[in-house]
Amino acid sequence: MHDDSHAMEPHEAESTILRAAFPRRIDAKVIAEELIREYGMDHAIKRATEGTFGAQKGGDNYQLSVWREVKVILNTRGREIGANAG
């Protein structure tokens, strides 16, 4: 006799699979702010570039997109700082 008492309902299995396949979204703004705080603006951009190359090399498209977004945020902040300084 087959015991189904521990079987998952279809909606439970689906949500478990989706959580495993798609981790929580990484906030590029938070990463950019942490990089600026830890390394300063110039080195933050360098670290983001290194992250981009690492993600490319590793074939991780999600990480790559996050690092690209971080670089856009850092470059925008850098232009804003430059404009306010002059």
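Please read all numbers here as calculations on a predicted model, not as lab measurements. (Residues numbered from 1 in each chain as written. Predicted model: local features only at pLDDT ≥ 70, side-chain atom pairs only at ≥ 80, totals over all residues. Heavy atoms only, no water.)

Chemist: How should I be thinking about the nonpolar core in this particular structure?
Modeler: Note that soluble globular proteins tend to have their nonpolar side chains buried in a common cluster. Counting 14 residues, the largest nonpolar core has Leu35, Ala48, Trp67, Val70 and Leu74 as its most contacted members. If you list the elements that add at least two residues to this core, you get helix H2 (28-58) and helix H3 (61-85). Sort the elements by how many residues they give to this core and H2 lands first, with 8 residues. Once residues lying within four places of it in the same chain are set aside, the contact partners of valine 70 are Ala28, Ile31, Ala32, Leu35 and Ala48. (Core = buried A, V, L, I, M, F, W, Y, C linked by side-chain atoms within 4.5 Å. Buried < 20%, exposed > 50% of the residue type's maximum accessible area, 1.4 Å probe, protein only. Helix = DSSP H or I, 4+ residues; strand = E, 2+ residues; numbered from the N terminus. Contact = heavy atoms within 4.5 Å.)

Chemist: What's the story with H3 in this structure? I'm lost.
Modeler: Side chains three or four residues apart in an α-helix point the same way, a direct result of the helix having 3.6 residues per turn. In this model, H3 (25 residues) spans 36 Å end to end at C-alpha, consistent with the 36 Å of a helix rising 1.5 Å per residue. Buried within H3 we find Leu64, Val66, Trp67, Val70, Ile73 and Leu74. The inward-facing, buried residues of H3 abut H2. The residue sitting at the N-terminus of H3 and contributing the capping side-chain oxygen is aspartate 60; that oxygen lies 3.2 Å from the backbone nitrogen of tyrosine 62. (Expected span 1.5 Å × (residues − 1). Polar contact = N/O pair within 3.5 Å; in protein donor to acceptor, adjacent residues only side chain to side chain.)

Chemist: Mind showing me how you'd approach the pattern of salt bridges here?
Modeler: Side chains that differ in charge, positive against negative, can pair when their charged atoms come close. Considering all chains together, one arrives at 2 salt bridges under this definition. In this structure, the salt-bridge partner of glutamate 33 is arginine 77, at a minimum N-O distance of 2.4 Å. Of this pair, glutamate 33 sits in helix H2 while arginine 77 sits in helix H3, and the two are 44 residues apart along the sequence. Judged by its relative accessible area of 40%, glutamate 33 is partly exposed. Taking relative accessible area as the criterion, arginine 77 reaches 26% and is therefore assigned partly exposed. (Salt bridge = Lys/Arg side-chain N within 4 Å of Asp/Glu carboxyl O.)

Chemist: Can you help me understand H2 in this one?
Modeler: With 31 residues, H2 ought to run about 45 Å at 1.5 Å a step, yet its terminal C-alpha atoms sit only 19 Å apart, falling short of that. Buried residues along H2 sit against H3. Between the side-chain oxygen at the start of H2 and the backbone nitrogen of lysine 29 there is a gap of 3.0 Å, and the oxygen is on aspartate 27. Phi turns positive one or two residues past the end of H2, at glycine 59, with a value near 70°.

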